[in-house]
Amino acid sequence: MNTHLVPDWLRGLLIRSVAHRYYSLVVAVIAFVTTITFSFPFVAVLIPAVLLSPRRWRSLGLLSGVASGCGAAALVEIFQFLGGELVLARYPELQTMEGWQLASEWLQRWGLLAILIIAGSPMPQTPALLFCALANVSSLGILVAVAVGKTAKYLFMGWATARFPARFVGYN
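A quick note: this is a predicted structure, and the numbers were derived from the prediction, not measured.

A. Structural detail: a nonpolar patch on the surface. Taken together, Ile78, Phe81, Leu82 and Leu86 make up a surface patch of nonpolar side chains, about 430 Å² in accessible area. When residues in the nonpolar patch are grouped by element, the largest group, 3 residues, is from helix α4 (residues 57-82). Along the chain, the position of leucine 86 falls in helix α5 (residues 84-90).

See below:
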């Protein structure tokens, strides 16, 4: 099993906030930030967050999915503001990524349904979001598609982590 180490400062934040009633909101803000910055996979935070508070797996999954949808919509707006040429000049490797090719093919064929599927899968969603920004896809549509896909994914991961914690202790 691949393990994803959470940075020490983030682990400390989770541990300090777990006793508070706003814990699920703290985790949701982390989901928003990791989505908008595409810094690391949010599941690496979700699993330890659920392990710290297994009874909150529903609220953690739901709020994190919605926050990821908001982050994805904001990221598309940023990509559209910067312009596709600037983003592609800064990150030329995006066009050659296998994820880019697959995402663009799926988006042309299925539209927002492809974003929903990509968001709910382990595939990287950033190339798909950049493609959506270049194609001027509705940010509201992106918000809904990513929120639904990520919420389903995070609810499943939260349930599995809460139900079978021994399988996920390596993530902590």
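From this point on, the discussion continues.
B. Seen up close, the packing of helix α1 (residues 8-17) against helix α2 (residues 23-37). In contact at an axis separation of 9 Å, α1 and α2 are set at 160 degrees when each is read in the N-to-C sense. Overall, the two elements α1 and α2 adopt an arrangement that is roughly antiparallel. Seen along the crossing, α1 lies across α2 with a hand that is right-handed. Facing α1, whose interface residues are Leu10, Leu13, Leu14 and Ser17, α2 presents Tyr23, Val26, Val27 and Ile30. Its residues assigned to classes, the contact of α1 with α2 comprises 7 nonpolar, 1 polar and no charged.

C. Region of the structure containing the environment of valine 26. Mapped onto the secondary structure, valine 26 falls in helix α2. Accessibility expressed as a relative area gives 23% for valine 26, which makes it partly exposed. Valine 26 sits 37 residues away from leucine 63 along the chain, and the two C-alpha atoms are 9.8 Å apart. Ignoring anything within four residues of it in the chain, the contact list for valine 26 reads Leu13 and Ser17.

D. Inspection of the side chain of threonine 151 at higher detail. Relative to the helices and strands, threonine 151 is located in helix α9 (residues 139-163). For threonine 151, a relative accessible area of 11% puts it in the buried group. Not counting the four nearest positions on each side in its chain, threonine 151 is found in contact with Gly61, Leu62, Gly65, Val66 and Val146.

E. Focus on the pattern of salt bridges. All chains considered together, the criterion is met by 1 salt bridge. One salt bridge connects glutamate 105 with arginine 109, and the closest N-O pair in it is separated by 3.6 Å. Placement of the pair is glutamate 105 and arginine 109 together in helix α6 (residues 98-110), with a separation of 4 residues, close to one helical turn.

Reading the values: the criteria
Residues numbered from 1 in each chain as written. Predicted model: local features only at pLDDT ≥ 70, side-chain atom pairs only at ≥ 80, totals over all residues. Heavy atoms only, no water. Patch = residues over 30% accessible without salt bridge, like charges linked within 9 Å, V, L, I, M, F, W, Y side chains within 5 Å. Areas by Shrake-Rupley, 256 points an atom, 1.4 Å probe, with all protein chains shown as cover. Salt bridge = Lys/Arg side-chain N within 4 Å of Asp/Glu carboxyl O. Helix = DSSP H or I, 4+ residues; strand = E, 2+ residues; numbered from the N terminus. Axes fitted to C-alpha atoms, helices over the stretch in contact; angles between N-to-C directions. Parallel < 35°, antiparallel > 145°, perpendicular 65-115°, else oblique. Left-handed = near helix turned anticlockwise from the far one by under 90°. Contact = heavy atoms within 4.5 Å. Nonpolar A, V, L, I, M, F, W, Y, C, P; charged D, E, K, R; others polar. Buried < 20%, exposed > 50% of the residue type's maximum accessible area, 1.4 Å probe, protein only.

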